[in-house]
Amino acid sequence: MKSASIIVGLVCLIMNSLLADETLLSFKQLPKAELHLHLGGSFPQEYLFSIAAADQREQLACFLDLISQGVDYHRGFQVFGLIAQIVNSEEKLQNGVSWLCRTLEEDGVQYVEIRTGLKDLGQGTEEYLKAVLRGIQESGAGKSFKLKAKIVLSLQRSSSAAMVEDTIDLALKYRDQGVVGIDISGNSALGQIDQVMPHLLRAKREGLAFTIHLGELPDEADQMLLLTQLEPKRIGHGVHLCDEAKEWILRHQTPLEVCLTSSVLVKMIADYKLHPGLDLFRSGHPIFFCTDDPLLFSTTLSEELLRAHQLCGLSIVEIESLVKESFNYTLQ
Ligand SMILES: [Zn+2]
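Every value quoted in this text rests on a predicted model; they were computed, and no experiment measured them.

Visitor: Is there a simple way to think about the overall build of the protein chain in this case?
Guide: When you go through the protein chain residue by residue, the secondary structure sums to 15 helices and 8 strands. Against the 2.2 N^0.38 benchmark of 20 Å for 332 residues, the protein chain shows a C-alpha radius of gyration of 20 Å, consistent with a compact globule. Out of the 332 residues in the protein chain, the part that is buried amounts to 42%. Across the protein chain, the fraction of contacts at a sequence separation of at least 24, relative to all contacts at a separation of at least 6, is 76%.

Okay, here's the thing in structure tokens:
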């Protein structure tokens, strides 16, 4: 009797795993839009390993292992410093972007907005941006394969006024060459967003769209300032929103970028099904799924959809419809 029940258990396990493989394959084949992806956390691991020194490879593997077990928000994101040390030239940046685009294409992504903060790798921030754009071009995106890749320039809440100004100038200069908007992220306890608001308002007046990381951490004091002044087209995460911000987002029907694995692994939420975006979805509010940092969280957009199905209870039909609608929420 006991061995019979073990066999039944094993058969169920195999059947479930086959079913998951089949569902994942169907999500891969679905044309998808990836609208929340940071370049620094998305370079394919094989690419970074191919250009990193031996000690950097070791450190990166340690970081990725640490993050996979769940990590404190601030500690986990120290990995970005290491990645910046590995991708330390325009040429490596260009090749990394190209590799990333090809990887996204393999996962069935047909439109991506790659977020990146401008850096100076030796030749100034404009050369950094040009290297990213060359990487997209070199990958064949929009030519030999279907993926369309656009750039969203990232600012931190703690970015200096000079950096904000430079970023907005370049976003405006390159808006016809692939830059589609501005992302604001970072810890609200660092920096004072009101001091750079005049620059951000200039970008808004010029027609640049915003997406803002909001509610990554509890007690963000600047939520209403950012919402009312910049009127973002989308909200990243939205896990810890104050009541007023929640009400604003509902009233404006602002879509939420839900990054399930990221939210669990940096301990924004304790479990996949506790993401507040799921309740918003059930109430009819627009949401869609994204990866945030596929390298850091060892995930793909198709795998995020599988988790939404298996761990959060969304049906395949609901997910297909969310994916289809997400193409309406691009910053373009
Ligand atoms: Zn993010």
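Now that the structure is up, let's keep going.
Visitor: Is there a simple way to think about the packing of helix H9 (residues 193-205) against helix H10 (residues 223-230) in this case?
Guide: How two helices pack is summed up by the angle between their axes together with the distance between the axes. Their axes nearest at 10 Å, the elements H9 and H10 cross at an angle of 20°. Taken together, the axes of H9 and H10 are roughly parallel relative to one another. For H9 against H10, the interelement crossing comes out right-handed. Contacts from Ile193, Asp194, Met197, Leu200, Leu201 and Lys204 of H9 reach H10 at Leu225, Leu226, Gln229 and Leu230. Class assignment for the residues of the contact of H9 with H10 results in 7 nonpolar, 1 polar and 2 charged.

Visitor: What am I meant to see in the pairing of strand E1 (residues 32-38) here?
Guide: Every other side chain in a regular strand lies on the same face of the sheet, so the side chains alternate between the two faces. The buried count for E1 comes to 7 of 7 residues, which makes it a mostly enclosed element. Strand direction decides the pairing type here: E1 and strand E2 (residues 109-116), joined by 5 bridges, are parallel. Note on E2: the bridge partner recorded for Leu37 is Ile114.

Visitor: Quick question: what am I supposed to make of the sheet that holds E1 here?
Guide: The strands making up a sheet associate through backbone hydrogen bonding, with each pair oriented either parallel or antiparallel. A sheet is described by the order of its strands in space; here 8 strands give the open sequence E1-E2-E3-E4-E5-E6-E7-E8, paired in parallel fashion. The sheet is open, and its two borders are formed by E1 and strand E8 (287-289), each paired with just one other strand. Between one strand axis and the next, the sheet turns through 25° on average, direction left out of account. Examined bridge by bridge, strand E3 (residues 148-156) and strand E4 (residues 179-185) share 6 bridges and lie parallel to one another.

Visitor: What am I meant to see in the pairing of E4 here?
Guide: Of all 7 residues making up E4, 5 are buried, and the element is well covered by its neighbours. You can see the chain leave E3, run along helix H8 (residues 161-173) and come back into E4, and the turn it takes is right-handed. Taken together, the 4 bridges between E4 and strand E5 (residues 209-214) define a ladder with parallel strand orientation. Of the residues in E5, the one forming a bridge with Asp183 is Thr211. With H9 bridging E4 and its parallel neighbour E5, the resulting β-α-β unit is right-handed.

Visitor: Sorry, what's going on with the environment of Ala141 here?
Guide: Mapped onto the fold, Ala141 is located in the loop between helix H7 (125-139) and E3. Linking Ala141 and Cys101, residues 40 residues apart in sequence, is a C-alpha distance of 6.9 Å. If we ignore the near neighbours within four places in the chain, the residues touching Ala141 are Cys101, Ile136, Leu147, Lys148 and Ala149.

Visitor: Explain the nonpolar core to me, please; I cannot follow it from the model alone.
Guide: Taken as a class, soluble globular proteins show a tendency for nonpolar side chains to be buried jointly. If you look at the biggest cluster of nonpolar residues, it comprises 83 residues, and the most contacted ones within it are Cys101, Val112, Val132, Ile182, Val258 and Phe289. Setting aside anything within four residues of it in sequence, one finds Ile182 in contact with Val152, Leu153, Leu155, Ala171, Ala203, Leu208 and Phe210.

Visitor: Explain the packing of helix H3 (residues 54-68) against helix H5 (residues 79-86) here, please?
Guide: Running from amino to carboxyl end, H3 crosses H5 at an angle of 150°, the nearest separation of the two axes being 10 Å. Considering their axes alone, H3 and H5 lie roughly antiparallel with respect to each other. Between H3 and H5 the crossing geometry is left-handed. Across the interface between the two elements, Gln56, Gln59, Leu60 and Phe63 from H3 touch Val79, Leu82, Gln85 and Ile86 from H5. For the contact of H3 with H5, a count of residues per class yields 5 nonpolar, 3 polar and no charged.

What counts and what doesn't
- Residues numbered from 1 in each chain as written.
- Predicted model: local features only at pLDDT ≥ 70, side-chain atom pairs only at ≥ 80, totals over all residues.
- Helix = DSSP H or I, 4+ residues; strand = E, 2+ residues; numbered from the N terminus.
- Rg over C-alpha atoms; globule rule 2.2 N^0.38 Å.
- Buried ≥ 20, exposed ≤ 12 C-beta atoms within 10 Å, placed from the backbone.
- Contact = placed C-beta atoms within 7 Å.
- Axes fitted to C-alpha atoms, helices over the stretch in contact; angles between N-to-C directions.
- Parallel < 35°, antiparallel > 145°, perpendicular 65-115°, else oblique.
- Left-handed = near helix turned anticlockwise from the far one by under 90°.
- Nonpolar A, V, L, I, M, F, W, Y, C, P; charged D, E, K, R; others polar.
- Pairing = 2+ DSSP bridges.
- Right-handed = clockwise from strand over helix to strand, strands pointing away.
- Core = buried A, V, L, I, M, F, W, Y, C linked by C-beta atoms within 7 Å.

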